[in-house]
Amino acid sequence: MTPMATPLLESAADVSERALIDEVFVGEVFDEVFVTAWADEATMAGAAAGVEAALAADLALLESLERTIRWAQAEQYRVIEAARVRHAQIEGVTEVSSPAQREFATRSFVAEIATTLVVPEAAAGRFVADAGRLTGARAATLEALAAGAVSVGHVRSMLEITQTMPADAAGDLERLALADAAMRTSAAFRGRVHRLRERLHPASLSERRARAAEDRRVALDSAPDGMAWLSLFLQAERAVAIVERLDALAAASDPDRPDCRTRAQRAADVAGDLLLAGTLDAADHHLAAATGRVAAQIVVTVPVLSLLGVTDEPAELDGYGPIDAETARRLAAHAPSVQRLLVHPETGAALSYSRTRYRVAADLAGYLRVRDGRCRFPGCARRARHADLDHIVAWAQGGSTSAENLAHLCRAHHRLKHESGWRMAHEPDGVIRWTSPVGHVLRTLPERPFLPVPGPTGSRPPSTPPNPQAPTFLRPDADPDPPWLHAASAAA
Ligand SMILES: [Zn+2]
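All values reported here derive from a predicted model rather than from experimental measurement. (Residues numbered from 1 in each chain as written. Predicted model: local features only at pLDDT ≥ 70, side-chain atom pairs only at ≥ 80, totals over all residues.)

## Brief notes about the overall build of the protein
Point 1. Counting its secondary structure elements, the protein contains 18 helices and 14 strands.
Point 2. Restricting to contacts in the protein with at least 6 residues of sequence separation, those with at least 24 account for 61%. (Helix = DSSP H or I, 4+ residues; strand = E, 2+ residues; numbered from the N terminus. Contact = placed C-beta atoms within 7 Å.)

Spelled out as structure tokens, the structure:
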């Protein structure tokens, strides 16, 4: 019983294998992902001395401990399920037991686990239910946890998002999501599973949305120390717009009125005042004038054929994920606060600028925001909208203001790049290669690749960045009929 040794950090051989997977999945893996690899051994050997070697050993130990923890967590699920079966036997559950008898036996077992592990019964109940699914329909996910390829965070997203899906579709989703799960942080994996669900769920997104919207509500949950959570369960585009508007109001500050509150505190105060009175409290009166002006800014990326009503491919609501085509069309047509990001198959956008101008032109910035999606540091989830555009090769050193030399970095990672040993370099297709101070190499892929319209022969996209002459097309993540899906089904 030893942990299976799937390294969290991939070898160079794994990386070339990854390139093969990229070919098969074409745009699919161009999500928030990162590929890890050790720098070539010669470089390592050259640099491996003293402190550096000790640091590398620390990191290797850390990786090995994480793998062991993940294996142990998988074992916990297996043991819980085995114990549940034995416990049911002791409770006298047989094949002919009624649903009520089984339910009672399960509750009794949950209490057993709660007292054994000293956790709340709700947590124990979730543990037992998860163990049942992970040793049943979601066994592949448990296997990935045991092998160290995914964390418990990945596992929870998989269980939650496949919960109400029909069995066949959930199985397809699991297979596709696990194929490259090791390259994604749990947050990026969640986004990926969410998109796959929208693509694979047999009921249309608009049908499910209509059904789910009937459950919209306000929820109040108590919290310690005289606090409480007030939550709204409502349509995604409204929720995102509310958060954006509160953020914009909280950001509007009056230089004459020093305010020691954090931005998050101001946003919460503003929300409370607006809901209670429809106006802002006296302390925020300087924001009151802004209340009427600040309209929520939400960004929707709509596949052009969807917008034209030719297809019903889901659109993408920035900060949330996929929304149904009908809602996207409505937003794009009516709401003045929606920014449409359309890339027409024929016109394309101007993507490259000469280095005579330093400021990034608006259409290039818009293109890069869609391409990057998020901060391009490995694993960072900060949205590109809230990040800086950084010149990979500094403008002063001859770097151009072009798509190939620009990338989004959040303020923290922008500073890290300039003030530490982390180095970044551009590779074809919008890939960015990072080299850590220890020599660890990681790659981040663009959230959305810009690919030429595939020809009838299924020609592969060129490995060069798009240019303004070639027609470009924003490949929607939710291609209704991707060729690799047929390949996957046929292989199953
Ligand atoms: Zn970042």
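## Regarding helix α4 (residues 99-117)
Point 1. Taking 1.5 Å per residue as the helical rise, α4 with its 19 residues ought to reach 27 Å, and the 27 Å between its terminal C-alpha atoms agrees with that figure.
Point 2. In the core, the buried residues of α4 are packed alongside α3 (50-90) and α5 (121-134).
Point 3. In the stretch just after α4, valine 118 is the one whose phi turns positive, near 55 degrees. (Expected span 1.5 Å × (residues − 1).)

## Remarks on the pairing of strand β10 (residues 423-426)
Point 1. As judged from the four bridges shared by β10 and strand β11 (residues 432-435), these two strands associate in the antiparallel manner. When the bridges of β11 are listed, methionine 424 appears paired with tryptophan 434.
Point 2. Where β10 folds back onto β11 in an antiparallel hairpin, the turn is made up of five residues, including aspartate 429, whose phi is positive at roughly 65 degrees. (Pairing = 2+ DSSP bridges.)

## A closer look at the packing of helix α7 (residues 152-162) against helix α9 (residues 186-200)
Point 1. Two elements in contact, α7 and α9, have axes separated by 9 Å at closest approach and are oriented at 20 degrees. Taken together, α7 and α9 sit at an angle that is classed as roughly parallel. Viewed along their axes, α7 and α9 form a crossing whose handedness is right-handed. Between α7 and α9, the residues in contact are Gly153, His154, Ser157, Met158 and Ile161 and Ser186, Phe189, Arg190, Val193, His194 and Arg197, respectively. (Axes fitted to C-alpha atoms, helices over the stretch in contact; angles between N-to-C directions. Parallel < 35°, antiparallel > 145°, perpendicular 65-115°, else oblique. Left-handed = near helix turned anticlockwise from the far one by under 90°.)

## Examining the packing of helix α8 (residues 167-179) against α9
Point 1. Two elements in contact, α8 and α9, have axes separated by 10 Å at closest approach and are oriented at 140 degrees. Overall, the two elements α8 and α9 adopt an arrangement that is oblique. Here α8 and α9 pass one another in a crossing that is right-handed. Along the contact surface, α8 presents Ala169, Asp172, Leu173, Leu176 and Ala177, while α9 presents Arg192, Val193, Leu196, Arg197 and Leu200.

## Examining the nonpolar core
Point 1. One finds Val128, Leu145, Val150, Leu173, Ala177 and Ala181 to be the most contacted residues of the largest nonpolar core, which totals 31 residues.
Point 2. Among the secondary structure elements, those contributing two or more residues to this core are α3, α4, α5, α6 (139-146), α7, α8 and α9.
Point 3. Among the elements that line this core, the one with the most residues is α9, at five residues.
Point 4. Apart from the residues lying within four places of it in its own chain, the contact partners of leucine 173 are Thr162, Met165, Val193, Leu196, Arg197 and Leu200.
Point 5. Ranked by size, the runner-up nonpolar core spans 18 residues in total, among them Leu364, Cys375, Ala384 and Ala387. (Core = buried A, V, L, I, M, F, W, Y, C linked by C-beta atoms within 7 Å. Buried ≥ 20, exposed ≤ 12 C-beta atoms within 10 Å, placed from the backbone.)

## Overview of α9
Given 3.6 residues per turn, any residue in an α-helix points the same way as the ones three and four places further on.
Point 1. For α9, which comprises 15 residues, the first-to-last C-alpha distance of 20 Å matches the rise-based estimate of 21 Å (1.5 Å per residue) to within 8%.
Point 2. Within α9, 11 of the 15 residues are buried, leaving the element largely enclosed by the surrounding structure.
Point 3. What α9 keeps buried is the set Ala188, Phe189, Arg190, Gly191, Arg192, Val193, Arg195, Leu196, Arg197, Arg199 and Leu200.
Point 4. Each element contacted by the buried residues of α9 is listed here: α7, α8 and β6 (321-323).

## So, the environment of cysteine 380
Point 1. If you trace the backbone, cysteine 380 turns up in the loop between α16 (362-372) and β8 (388-391).
Point 2. Expressed as a C-alpha distance, the spacing of cysteine 380 and alanine 187, which sit 193 residues apart in the sequence, is 9.2 Å.
Point 3. Every residue in contact with cysteine 380, bar those within four places of it in the chain, is listed here: Arg374, Cys375, Cys410 and His413.

## Description of the confidence of the model for the protein
Point 1. Overall, the prediction assigns the protein a mean pLDDT of 74, with 69% of residues at 70 or greater.
Point 2. Element-level mean pLDDT values for the protein span from 26 in helix α18 (residues 483-491) up to 97 in α6.
Point 3. Here residues 342-358 is a poorly scored stretch, pLDDT under 50, and it has 42 contacts once near neighbours within four places are set aside; other chains count.
Point 4. In this model residues 451-492 is a low-confidence stretch, pLDDT under 50, and it forms 62 contacts with partners more than four residues away in sequence or in other chains. (pLDDT = per-residue confidence, 0-100.)

## So, the environment of alanine 394
Point 1. Mapped onto the elements, alanine 394 comes out in the loop between β8 and β9 (406-409).
Point 2. C-beta crowding within 10 Å serves as the criterion here: with 11 such atoms nearby, alanine 394 is assigned to the exposed category.
Point 3. Each C-alpha atom of the pair alanine 394 and leucine 406 lies 9.7 Å from the other, and the pair is 12 residues apart in sequence.

## Concerning unusual backbone geometry
Outside of glycine, negative phi angles account for most residues, and trans bonds account for most peptide bonds.
Point 1. The backbone of valine 118 shows a phi angle near 55 degrees, a positive value even though the residue is not glycine.
Point 2. Position of valine 118 relative to the elements: it lies in the loop between α4 and α5.
Point 3. Judged by C-beta crowding, with 7 C-beta atoms within 10 Å, valine 118 ranks as exposed.
Point 4. Backbone geometry places aspartate 225, a non-glycine residue, at a positive phi of 60 degrees.

## A closer look at the environment of threonine 68
Point 1. With respect to the helices and strands, threonine 68 occurs in helix α3.
Point 2. Here threonine 68 falls in the partly exposed class, since 13 other C-beta atoms lie within 10 Å of it.
Point 3. C-alpha of threonine 68 to C-alpha of alanine 146: the two residues are 78 residues apart in sequence and 8.5 Å apart in space.

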